[in-house]
Amino acid sequence: MPKITILDGARTIGGSKIHLQTEGVGILLDFGMNYKRWGEFYAEFLGPRSTRGINDLLLLGILPPLKGVYRDDVFPGDFNKNSFLQIELQVDAVFLTHAHKDHCQHIGLLRDDIPIYCSPLTATIMKAMQDTGGSGLFDEMVYFARRTQSEENGILQSEKNRKIGKQVFILGEKNDAVDEFWLRSPYAEKHRFEMRPLSLVEENKINDIEFRYFPVDHSIPGATAFAFLTDYGWIVYTGDLRLHGRKGYLTDKFIEEVSSLQPLALIIEGTHLEEEKSKRTSEKEVYNKCLEVVKNAEGKLVVADFAPRNIERLISFLHIARETNRKLCILTNDIYLLEVFDSVEGTNYLQEENLAIFEKVKDTRDNWEKKLKERHGGKFVKHSEIRENPGDYILCLSFFDINHMTDIICKEGGIYIYSSSEAYEEEQIFDFVRLKNWLDFLNLKPVGFTIEENSKNPIFPEGYHSSGHATKEDLFEIVRRIRPKYLIPVHTELEKPYEELRDITQIIWDDAKYTDLEVKIYGK
Ligand SMILES: [Zn+2]
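What you see is a predicted model; the values in this text were computed from it and never measured. (Residues numbered from 1 in each chain as written. Predicted model: local features only at pLDDT ≥ 70, side-chain atom pairs only at ≥ 80, totals over all residues. Heavy atoms only, no water.)

(A) Representation of the packing of aromatic side chains within the structure. Within this structure, the stated rule accounts for 31 aromatic pairs. Their ring planes at 80° and their centres at 6.1 Å tell us that Tyr117 and Phe211 sit as a pair that is edge-to-face. One end of the pair, Tyr117, is in strand 7 (residues 116–118); the other, Phe211, is in strand 16 (residues 209–215), and 94 residues separate them in sequence. Grouping residues by exposure puts Tyr117 and Phe211 together as buried. Lying across the ring of Phe31, Lys17 places its NZ or CZ 5.9 Å from the centre. In this structure, Lys127 is placed above the aromatic ring of Phe181, and the distance from its NZ or CZ to the ring centre is 4.3 Å. (Phe/Tyr/Trp six-rings, centres within 6.5 Å; stacked < 30°, edge-to-face > 60°. Helix = DSSP H or I, 4+ residues; strand = E, 2+ residues; numbered from the N terminus. Buried < 20%, exposed > 50% of the residue type's maximum accessible area, 1.4 Å probe, protein only. Lys NZ or Arg CZ within 6 Å of the ring centre and 35° of its normal.)

In structure tokens, the structure reads:
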């Protein structure tokens, strides 16, 4: 009988870690970071000590105490595995729905003989994030540095100048450009970069278990849903999805195909269940609204702030820039990502004439950035050029890069379009107050958010952001159309999500054992 274990991410948004055991095969579905739990202990200047490997994350309950699943080299020698690692699971593979950190961040900590299955975009976006991001233990995803233990003080140290690649199976197609990018080292020559080539899946099977994968629409490209055939029927996992995005038809097709499988169980996200009337703003509406703002800002600088890796939004702004005779000026990380997107999707965004790269004023450059400059040197734009011709640009940066704007103070002012998700956490709310202070100082008018005078809370008018998650109405519609025998809600903070649908499906909120399915839920 199949057994589903929700290790994390049941009654919280993010931290998705699900396990499926069936007929001698064990599969992990996502292995992301639990931002909420992390934030209960850590802050900007207080993080886990990587010299103690995963000791701290296990003790604090940020990682589940799994036996035999993590890499051996990330445990400090004095960690008592036998008494602490209480959950014993078989893991033959990890399937990733998409490259958002709350779904994939911790896969680097898994045993390196556990293969990763994901779409070509999920694999390459993860590598791009790792190439251009931090290189600490908790940034490792598709390649890692082996840790060794120092005899005298038990400190874990990473092997210098060597990275080892994980085995990644691609669900879909790949081409030479993707293979080349995958094996390309972001480091200097002396660094040994031992990537394993990407593998293609020959048959949709893990041992003897058949699976299917379905591209779905979400706010990051490459999102995929999965279905696994057990002796008692299909078990389906949605990951994150929406119906109202540009590629909503993919989600629609997934629903259609999966409903014909008459699944035994559907594990489904519920991010927007709480909102009474969640916003259904489409990407097209965002485009139109932002286009209007840019048109009305002739001669002035426009700054656009949207989430990293939201390539769809980047492309919307690229079109807006073209329409308004401006250059879209983006940061090197975003160019790196767009390059990856072009090679996987066969698009040519990087060749667009109105695409430019913002040259940050800084001392040193990482090797990947130096190489990028060799490839696209002609596209770099300095702050002085933007300051002199502010009306020629849409500059894409977020709050965390706003300090670079002190080099581009424009007398005539400008517009700052906030085109990203609303703030929920206290710290995020305070960041908006800081952002507003910056914008006042820089003479940039905020669009897409305002600060309420009395409460000092940010307010987000509709139309400047399209969410990556289905609305409550759409989620209900998905369940009604698929009609699974059992419904297992995850990725929501509600106590009893989907309660209204209990007439059409058996909803599992707690540990349960039936004749055809067993469910165990941790971290409720
Ligand atoms: Zn997501």
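Read on, since the account is not over.
(B) Up close: the pairing of strand 29 (residues 486–490). Most of strand 29 sits out of view: 5 of its 5 residues are buried. Strand direction decides the pairing type here: strand 19 (residues 265–269) and strand 29, joined by 5 bridges, are parallel. Within strand 29, the residue paired with Ile268 across the bridge is Pro489. As defined by bridge partners, strand 29 adjoins strand 30 (residues 506–507) across 2 bridges and the pair is classed as parallel. Opposite Leu487, over in strand 30, you have Ile507 as the bridge partner. (Pairing = 2+ DSSP bridges.)

(C) A look at the packing of helix 6 (residues 176–183) against helix 10 (residues 332–345). Running from N to C, helix 6 and helix 10 point in directions that differ by 145°, and their axes come no closer than 8 Å. Considering how the two elements wind past one another, helix 6 and helix 10 form a crossing that is left-handed. Contacts from Ala177, Val178 and Phe181 in helix 6 reach Tyr336, Val340, Ser343 and Val344 in helix 10. (Axes fitted to C-alpha atoms, helices over the stretch in contact; angles between N-to-C directions. Left-handed = near helix turned anticlockwise from the far one by under 90°. Contact = heavy atoms within 4.5 Å.)

(D) Region of interest: the environment of Gly15. Topologically, Gly15 is positioned in the loop between strand 1 (3–8) and strand 2 (17–22). We classify Gly15 as buried; its relative accessible area is 0%. Placed 88 residues apart in sequence, Gly15 and His103 show a C-alpha to C-alpha distance of 6.2 Å. Discounting chain neighbours no more than four positions away, the residues touching Gly15 are Asp8, Gly9, Gly32, Met33, Asn34 and Asp102.

(E) Expanded view of the coordination of the zinc ion. Only His98 (NE2), His100 (ND1), His218 (NE2) and Asp240 (OD) from the protein coordinate the zinc ion, and they sit 2.2 to 2.4 Å from it. All donors to the zinc ion come from one chain, and their sequence spacing reads H-x1-H-x117-H-x21-D. Note that His100 is positioned in the loop between strand 6 (93–95) and helix 4 (101–104) and His218 in the loop between strand 16 and strand 17 (224–230), a separation of 118 residues in sequence. Considered together, His100 and His218 belong to a single accessibility category, that of buried residues. (Donors = N, O, S within 2.8 Å, 3.2 Å for Na, K, Ca; no water.)

(F) Local environment of the pairing of strand 21 (residues 327–330). Bridge analysis of strand 21 against strand 24 (residues 393–396) gives 3 bridges, and the strand direction is parallel. Each residue of the ladder has a partner; that of Cys329, found in strand 24, is Leu395. When strand 21 meets strand 22 (residues 355–358), the two strands line up parallel, connected through 3 bridges. Residue pairing for strand 22: Cys329 is matched across the bridge by Ala356.

Function-wise, these values are silent; they only describe arrangement.
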